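As a plain string of letters, each chain reads:
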Amino acid sequence: MSCDYYSSLRDRLRSETRHCHQALDERVSRLLNSDPEDYRRFLALQWRLFTALSRCGVESACAPLVRELQQRVQQDLITLDREPLPAPPDLNFRPHPLAVDYIVSGSRLGAQVLKKRWMDMGLAEVGTACVYLSAPTDTSYWREFVTCATALPAQGKEADAIVIDCIALFEFCINYVLAQPARERVLHV
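Position numbers for residues start from 1 in each chain and track the written sequence from start to end. Residues qualify for local features only when their pLDDT is at least 70, as the model is predicted, and side-chain atom pairs are given and counted only at 80 or more; totals for whole chains, interfaces and linings, by contrast, use all residues. To obtain the side-chain values, all non-hydrogen atoms of the structure were included, while hydrogens and water were left out.

**Student:** Which parts of the structure should I look at to understand helix α5 (residues 97–121)?
**Tutor:** Since the α-helix advances by 3.6 residues per turn, residues separated by three or four positions end up pointing in the same direction. Strands are runs of DSSP state E lasting at least two residues, helices are runs of H or I lasting at least four, and both sets are numbered from the N terminus onward. Multiply 1.5 Å by the residue count of a helix minus one, and that product is the helix's expected span. The end-to-end C-alpha separation of α5 is 36 Å, in line with the 36 Å expected for 25 residues at 1.5 Å each. Bend, at a single residue, is the angle you get between axes fitted to the 7 residues ending at that residue and the 7 residues starting at it. Along α5, the sharpest change in direction is near 25° and occurs at R108. Remark: G122 follows α5 within two positions and exhibits a positive phi of approximately 80°.

See below:
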């Protein structure tokens with residue numbers, strides 16, 4: 001589909017990242033259960049993303065949030081007595097600041113949904129290691145991103161770079177989830 005079809009960068013991002021956004025949502029949804037190890041995997045995924053973003057030095061609007069969330073999720077992993085995580089791989093690119101804003105500010109909206117679902121399940125670890133999920137829900141980053149992306153054209157080199165970087169950030173997360181060992185499940189018939 002030609003990017004001339006989109007009225008703004010926001011429309012293009014919504015459309016062209018939908019496939020990878022859904023793929024990540026599906027994989028994270030598989031972690032939504034009462035297994036403490038899956039909750040740890042979710043936290044490790046967040047730590048991996050925020051650490052990689054912190055190290056690449058992109059000064060996006062939500063850069064302070066990236067650093068705060070990295071510290072919060074690390075504190076939760078320590079609380080859960082997680083063995084030290086190996087340093088995540090560096091991103092093999094320097095993402096555009098708007099790509100970082102899209103991924104990070106959007107992830108905050110999703111984290112609130114996940115928190116509620118884990119709380120409803122009664123997963124004890126969510127109660128003892130909830131510094132990350134209890135981060136203030138500040139939608140100002142998301143609103144700022146939406147305003148900016150709605151005002152930007154859907155076509156051009158910068159728009160192309162932002163879309164490509166968003167997809168690459170989603171894939172960075174998906175690859176981590178795919179690399180995690182699957183839990184063995186016993187089916188009762």
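And the narrative resumes.
**Student:** I keep staring at the pattern of salt bridges and nothing clicks. Help me out?
**Tutor:** Definition used for salt bridges: Asp or Glu carboxyl oxygen within 4 Å of a side-chain nitrogen of Lys or Arg. For the coordinates displayed, the defined rule picks out 9 salt bridges. With its nearest N and O atoms 4.0 Å apart, the salt bridge here joins R40 to E37. Of the two residues, R40 and E37 both sit in helix α3 (residues 36–56), 3 residues apart, roughly one turn of that helix. It is possible to trace a salt-bridge network through shared partners that takes in R12, E16 and D160.

**Student:** I'm lost on the side chain of S8 in this one. Help?
**Tutor:** In this fold, S8 is placed in the segment before α1 (9–16). Look at S8 and you get buried, because its relative accessible area is 4%. We call two residues contacting when some pair of their heavy atoms lies within 4.5 Å. Setting aside anything within four residues of it in sequence, one finds S8 in contact with A149, T150, L152, P153 and A154. In this scheme, a residue with accessible area under 20% of its type's maximum is buried, one over 50% is exposed, and one in between is partly exposed, where area comes from a 1.4 Å probe on protein chains only.

**Student:** I'm lost on the side chain of S105 in this one. Help?
**Tutor:** Among the structural elements, S105 can be located in helix α5. Looking at S105, the relative accessible area reads 3%, which means it is buried. With sequence-adjacent residues up to four places away left out, S105 is seen in contact with V100, Y141, W142 and F145.

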